[in-house]
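# Analysis of the macromolecular model
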Amino acid sequence: MKSNFIFGVTGLALLSLLTGCDAVSDSTDDNKELVVYSSRNEMFVSDLLDKFKEDTGIEVKALHGVEPLQILEERNNTQADVFISNDIGALEYLNQEELLKATDPDNIESIEEVYRAENNEWIALSSRARGFIYNKDLIDESDVPTKMEELIDNDYSDIKNGYAITRGGNGGMISNVSALRYEWGDERTQEWIESIQDNSAAIFEGHGDIRRAVGEGIHAFGLVNNYYYHQQLLEPQDNNVGFVYPDQEEGEMGAIVNGAGLGLLKDSPNEDSAQVFLNWLLEEENQLAFVGESLEVPINSNLTPPFEEAVKLTDLNVQEMPLRELGNYFEDTRLLIEDAGLDLNLK
Amino acid sequence: MSHHTLRKKIKPDNLSRLFKFDRAIWHGNKPSRSLLGVSIVIALIMTLPLLYVIYQSFLAGSESWMRLLDTRIPQLLWNTLSLGIAVTLTSTFIGVSLAWLVTRTDLPGRRIWRWLLALPLVVPPYVGAVTYIIVLGPRGWLYQAIQAAYGNDFSLTFDIYSFYGVFLVMTLFTYPYVYLVTSASLRKISQTYEEVGRSLGYNGFHIFFKIILPMLVPAIGAGGVLVFLYVISDFGAVSMLRYVTFTSAIYYQRAGFDIPSASVLSLVLIGITVIVLLIEKLMKQKKAYYQTKGIAKESRTLSLGKYKHISLFYVVFLFLISVALPIIVLVYWTMIGAGSGLIDSSIFEYTLNSFQIAGATAGLSMILSVPLVYLYSRHHSIVSSLIYKLSYTGYALPGVIVALGLVFVFNNHIPFLYNTVFLVIIAQLIRFMPQVLQSGETAMNMISPRIDESARSLGHSTWKVIFFITLPAILPGLLAGGALVFVSSLKELPVTLMLRPPGFDTLAIRVYYQASEAIYAQAAPGALIIILVSILPLYYLLKNY
């Protein structure tokens, strides 16, 4: 029995060694393929990429959970053709580092100019707004903050189970802080960060954790993007939640908006496939597929959001900052957050 | 002119001194140049990531150091050390008590328990973490059961995403290290000592604490060190339970490509590892003497008497929570997944990828360890043991550090291999090849050096001797080691996660991703496959201990 087992394992090992080498040499084939780096949730992106493969026959190799600095680090050895990002700040930052390439795809006019880079080095396709998801069993809508600034003035210690925020290094939090810096300047923003760090009842890794925790009643409200509220509404249970868009009154700042989009990389190894992908993606059907299960709101206002009750961008009082401004704050917002005492990563 | 003659005079003298030195190092048994060369190259590859990370951490500059010393390092030290120490102490208690119950008492069913209690070893801690999130998590089985029984009045206060959650999971899935090492040692200790104790009128527990325990110290120490090193290098379970140690902090820093910070944190973790290994070495030097020959009739066991029931309960309880519960949870979710059609053919692709990586790593480990083992055991010298020990570097190092070093080296200096499957295989080789070295060395020591010495003296080249004489003789040992490498590689998470090329996923990665997204029906079947395959080589492991 012993020797049988040994030979079984060796056979298996050698077999897989052979096939392993085979798999490796595969990658040097010049079959049409597209390498996608993405910082967006894998669940939202993989259906889109499957659809692309089905429509065009181009093989897609995706790496999920990529941070923009990886692309910077690989600048002399570019690996990816396309970078899909859930933060326009990151895309504009890469653009300023001259890592993205100018494009002119079909149907580009369906996206308003403020939602793309100067020469379409990046293009945003879906949008989200910051706001407060709250548990209707735990807190009255009137007690939920209606302005970002209220988080400085009120510590919400009288609210049962308190409120939740994400760690400082979360992409959504970073762009939230960048937008506040644009609006208020650094001093007031730092005060805001210090307040939420001190007063929040919990700091989570990501927004998905917050929506679940608020839905389950572990916390009364949480600072998230609006689509997490849409997602929680669709849960079979723990879905008695509401959402408040802050700063909506006349003369107030307006909701902080960010987008998700993509850019093509300079020196990309499969240039043709990347162009095909961009043209394909701007077809209206595929713009919707990009939004996909995220339940974000499409930037193209002619499209019906996949989550039909979603508040359209045009119906919101939105902050007057062009999204590309986020790129100017990308690098040092992290430092500001750290200096204000909010850790980028969970301890 | 005089200069010239001087040199002429000195040169031969120097040379002969060099020859003498050379002969003294190798005890007159110098290896062939090619064998030495190949071994040095392999050893250098094995240490490459470590050297590069240390180099980078010095480049990081004092500013990075000061910032991290101020902010992150104190907290990370506390998180890492408190978890490591708590888990080590508890696993040691559990491991030693189980080993004693199974080898020395009349515990009912002890022959079967001996095997069953080692089984948690095949459950990777990140899989264990998933199952405990499913059971003890915020909306888990326990919560639902309490809700069903008491309604909303009773609230569950245990938070699985906490120190205690990580502590529980890590303890349950690492105690077998202590259990196995201690049982092996217990079986070697002659029972005459206990008989002496008994004749002095000691009862069973006195005998254990006064006589047996002191003799077990080296084994317990070795098991404890294994557990401690495992805990501080674990990435999967720790990050799934949202706890941050040095290892997971390094992972997140590198994800953001904050290379200086990642290297600085790595250097601290390397320091902790080295200190632990030094402590182990000190403990080994004080190793107690115990008799292994003339083992008396094994049949004499201590009667547990009135403690029999409570002991049996203890053993059954541990088995239930560390083996039965995880398996039940995984089978349950696999069935749900199969029923709702959530399991698709992609799982075959992931399994194939996993087997390819594991097969290549195991195959290459077996091939590359042959020259190292041969050099080490046939050409004793400081040089050969240095080469051999350097090849063990990756074994003690946390995977995240190995991966971090390779990212630097390949992205900056060997770009055409960056982002390929080769990188994953090289990294796993560095981590796991020492398992083959261990078993290969044992096999090598069992064949007489005279055979190949005489073959070499007949003028056959070293490589010919290795291939036709040594290799067939040590093959079973190599294969046993290879089987262990195969399984380790199949379960491997952090290195694969950090180095895999786009579009390449393994079972372990899918299990990790799907479990962190709470898609348990898809995570469970992959986890079950990993566990089932891991059971195979356990047979060897148990025989060795």
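Residues numbered from 1 in each chain as written. Chains lettered and ligands numbered in written order. Predicted model: local features only at pLDDT ≥ 70, side-chain atom pairs only at ≥ 80, totals over all residues. Heavy atoms only, no water.

### Structural notes on the overall build of chain B
Each helix and strand in chain B was counted, giving 24 helices and 0 strands. For 545 residues, the compact-globule formula gives about 24 Å, and the C-alpha radius of gyration of chain B, at 26 Å, lands near that figure. Structurally, chain B occupies a C-alpha span of about 105 × 65 × 50 Å along its principal axes. Of all 545 residues assigned to chain B, the portion counted as buried reaches 56%. For chain B, the proportion of contacts with a sequence separation of at least 24, taken over those separated by at least 6, is 83%. Carbon and sulfur atoms provide 68% of the accessible area of chain B, an area that totals close to 24200 Å². Here chain B holds 41 positive side-chain charges and 21 negative ones, and the gap between their average locations is 13 Å. (Helix = DSSP H or I, 4+ residues; strand = E, 2+ residues; numbered from the N terminus. Rg over C-alpha atoms; globule rule 2.2 N^0.38 Å. Buried < 20%, exposed > 50% of the residue type's maximum accessible area, 1.4 Å probe, protein only. Contact = heavy atoms within 4.5 Å. Areas by Shrake-Rupley, 256 points an atom, 1.4 Å probe, with all protein chains shown as cover. Lys, Arg positive; Asp, Glu negative; His and termini not counted. Charge placed at Lys NZ, Arg CZ, Asp CG, Glu CD.)

### Description of the domain arrangement of chain A
All names here are of chain A. Here the domain parsing of chain A yields domain 1 (32-127 + 258-313) and domain 2 (129-256 + 328-339). Look at where the C-alpha atoms of domain 1 and domain 2 centre, and you get two points 26 Å apart. Taken together, the contacts link 17 residues of domain 1 with 13 residues of domain 2. Together domain 1 and domain 2 conceal approximately 1300 Å² of surface at their shared face, both sides included; 61% is due to carbon and sulfur atoms. Sorting the residues of domain 1 by area buried against domain 2 places Tyr-93, Leu-295 and Phe-307 first, and these three jointly supply 34% of that buried surface. Taken together, the connections running from domain 1 to domain 2 amount to 1 salt bridge. Our count for the domain 1 to domain 2 interface comes out at 5 residue pairs in polar contact (both at pLDDT 80 or more). It is helix H4 (residues 88-96) that provides the largest number of residues to the side of domain 1 that touches domain 2, a total of 4 residues. Of the residues in the side of domain 1 that touches domain 2, the class split is 9 nonpolar, 4 polar and 4 charged. (Domains from an automatic or database assignment. Buried area = accessible area lost by both parts, 1.4 Å probe. Salt bridge = Lys/Arg side-chain N within 4 Å of Asp/Glu carboxyl O. Polar contact = N/O pair within 3.5 Å; in protein donor to acceptor, adjacent residues only side chain to side chain. Nonpolar A, V, L, I, M, F, W, Y, C, P; charged D, E, K, R; others polar.)

### What about unusual backbone geometry?
Despite not being glycine, Asn-107 of chain A shows a phi value in the positive range, around 65 degrees. According to the relative accessible area criterion, Asn-107 of chain A is partly exposed, its value standing at 26%. Despite not being glycine, Asn-419 of chain B shows a phi value in the positive range, around 65 degrees. Along the chain, Asn-419 of chain B turns up in the loop between helix H18 (399-413) and helix H19 (421-445).

### A short note on a negative patch on the surface
A surface patch of negative charge is lined by Asp-140, Glu-141, Asp-143, Asp-155 and Asp-158 of chain A. Within the secondary structure, Asp-143 of chain A is located in the loop between strand E4 (122-135) and helix H5 (150-153). (Patch = residues over 30% accessible without salt bridge, like charges linked within 9 Å, V, L, I, M, F, W, Y side chains within 5 Å.)

### A short note on H18 of chain B
Each α-helix turn comprises 3.6 residues. Residues three or four places apart therefore point the same way. For H18 of chain B, built from 15 residues, the straight-helix expectation of 21 Å at 1.5 Å per residue is met to within 8% by its first-to-last C-alpha distance of 21 Å. A large share of H18 of chain B lies buried, amounting to 13 of its 15 residues. (Expected span 1.5 Å × (residues − 1).)

### Digging into the pairing of strand E5 (residues 163-166) of chain A
Residues and elements named next belong to chain A. Along E5, one buried face is formed by Tyr-163 and Ile-165 and the opposite face, lined by Ala-164 and Thr-166, is buried too. Judged from the 2 bridges that link them, E5 and strand E7 (residues 221-225) form a sheet pairing that is parallel. Directly across from Ala-164, in E7, lies its bridge partner Gly-222. Sheet analysis places E5 next to strand E6 (residues 202-204), joined by 3 bridges and oriented parallel. Paired with Ile-165 across the strands is Ile-203, a residue of E6. (Pairing = 2+ DSSP bridges.)

### Some points on helix H16 (residues 382-390) of chain B
All names here are of chain B. Looking at H16, one finds that the buried residues are Ser-384, Ser-385, Ile-387 and Tyr-388. One face of H16 carries all of its buried residues, which in axial projection span an arc of 155 degrees. Away from its buried face by more than 90 degrees, H16 exposes Ile-382, Leu-386 and Lys-389. The backbone nitrogen of Val-383 has a side-chain oxygen 3.1 Å away, supplied by the residue at the start of H16, namely Ser-381. (Arc of directions from axis to C-beta.)

### Here's the deal with the side chain of Glu-121 of chain A
Residues and elements named next belong to chain A. Structurally, the position occupied by Glu-121 is in the loop between H4 and E4. Put simply, Glu-121 is tucked away with no salt bridge, and the nearest opposite charge, on Lys-266, sits 7.5 Å away. Separated by 2.9 Å, the side chain of Glu-121 and the backbone nitrogen of Asn-119 make a polar contact. Not counting residues up to four positions away in its chain, the partners in contact with Glu-121 are Asn-95, Leu-100, Lys-101, Ala-102, Leu-262, Gly-263 and Leu-264.

### With respect to the confidence of the model for chain A
All names here are of chain A. Model confidence for chain A is summarised by a mean pLDDT of 89, while 90% of its residues fall at 70 or above. Across residues 1-7 the pLDDT falls below 50, and counting only partners more than four positions away or on other chains, this stretch makes 8 contacts in the model. Overall, residues 19-29 carries pLDDT values under 50, and its contacts beyond four positions in sequence, including any with other chains, amount to 6 contacts. (pLDDT = per-residue confidence, 0-100.)

### Here's the deal with the packing of helix H4 (residues 72-104) of chain B against helix H10 (residues 204-233) of chain B
Residue and element names in this part refer to chain B. It is at 8 Å that the axes of H4 and H10 come closest, and there the two elements cross at 140 degrees. Between H4 and H10, the interaxial angle falls into the category oblique. Judged by the twist between their axes, the crossing of H4 over H10 is right-handed. Contacts from Thr-80, Leu-81, Leu-83, Gly-84, Ile-85, Val-87, Thr-88, Ser-91, Thr-92, Val-96 and Trp-100 in H4 reach Gly-204, Phe-205, Phe-208, Leu-213, Ile-220, Gly-224, Val-227, Phe-228, Val-231 and Ile-232 in H10. Classifying every residue of the contact of H4 with H10 gives 14 nonpolar, 7 polar and no charged. (Axes fitted to C-alpha atoms, helices over the stretch in contact; angles between N-to-C directions. Parallel < 35°, antiparallel > 145°, perpendicular 65-115°, else oblique. Left-handed = near helix turned anticlockwise from the far one by under 90°.)

### Overview of the nonpolar core
Residues Tyr-179 and Leu-499 of chain B are the most contacted members of the largest nonpolar core, which totals 169 residues. Looking at this core, the element that brings in the most residues is helix H15 (residues 346-378) of chain B, giving 14 residues. The next biggest cluster of nonpolar side chains, apart from the first, holds 105 residues, and it includes Ala-80, Ile-84, Tyr-93 and Leu-323 of chain A. (Core = buried A, V, L, I, M, F, W, Y, C linked by side-chain atoms within 4.5 Å.)

### A look at the pairing of strand E8 (residues 241-244) of chain A
Residue and element names in this part refer to chain A. Across the two faces of E8 the burial is the same, with Val-241 and Phe-243 and Gly-242 and Val-244 all buried. Bridge count for E4 against E8 is 4 bridges, and the pairing is antiparallel. Bridge assignment links Tyr-134 to a residue of E8, and that residue is Gly-242.

### With respect to the packing of aromatic side chains
Applying the stated rule across the entire model yields 31 aromatic pairs over all chains. Plain terms: the ring middles of Phe-44 of chain A and Tyr-227 of chain A are 6.5 Å apart, the flat faces sit at 80 degrees to each other, and that makes the pair edge-to-face. Separated by 183 residues along the polypeptide, Phe-44 of chain A in helix H2 (residues 42-56) and Tyr-227 of chain A in helix H9 (residues 226-233) bring together distant segments of the chain. For the residue pair Phe-44 of chain A and Tyr-227 of chain A, the accessibility class agrees, reading buried in each case. Ring geometry for Trp-113 of chain B versus Phe-319 of chain B: centroids 5.7 Å apart, planes at 70 degrees, classification edge-to-face. Of the two residues, Trp-113 of chain B sits in helix H5 (residues 110-116) while Phe-319 of chain B sits in helix H14 (residues 308-339), which places them 206 residues apart along the sequence. Residue Phe-319 of chain B is classed as buried on the basis of its relative accessible area, which comes to 18%. Ring pairs connect the aromatic residues Phe-132, Tyr-156, Tyr-163 and Phe-221 of chain A, which therefore count as one cluster. Here the guanidinium or amino end of Lys-210 of chain B rests over the ring plane of Tyr-202 of chain B, the centre of that ring lying 5.8 Å away. Here Arg-242 of chain B stacks its cationic end above the ring of Tyr-161 of chain B, 3.8 Å away from the centre of that ring. (Phe/Tyr/Trp six-rings, centres within 6.5 Å; stacked < 30°, edge-to-face > 60°. Lys NZ or Arg CZ within 6 Å of the ring centre and 35° of its normal.)

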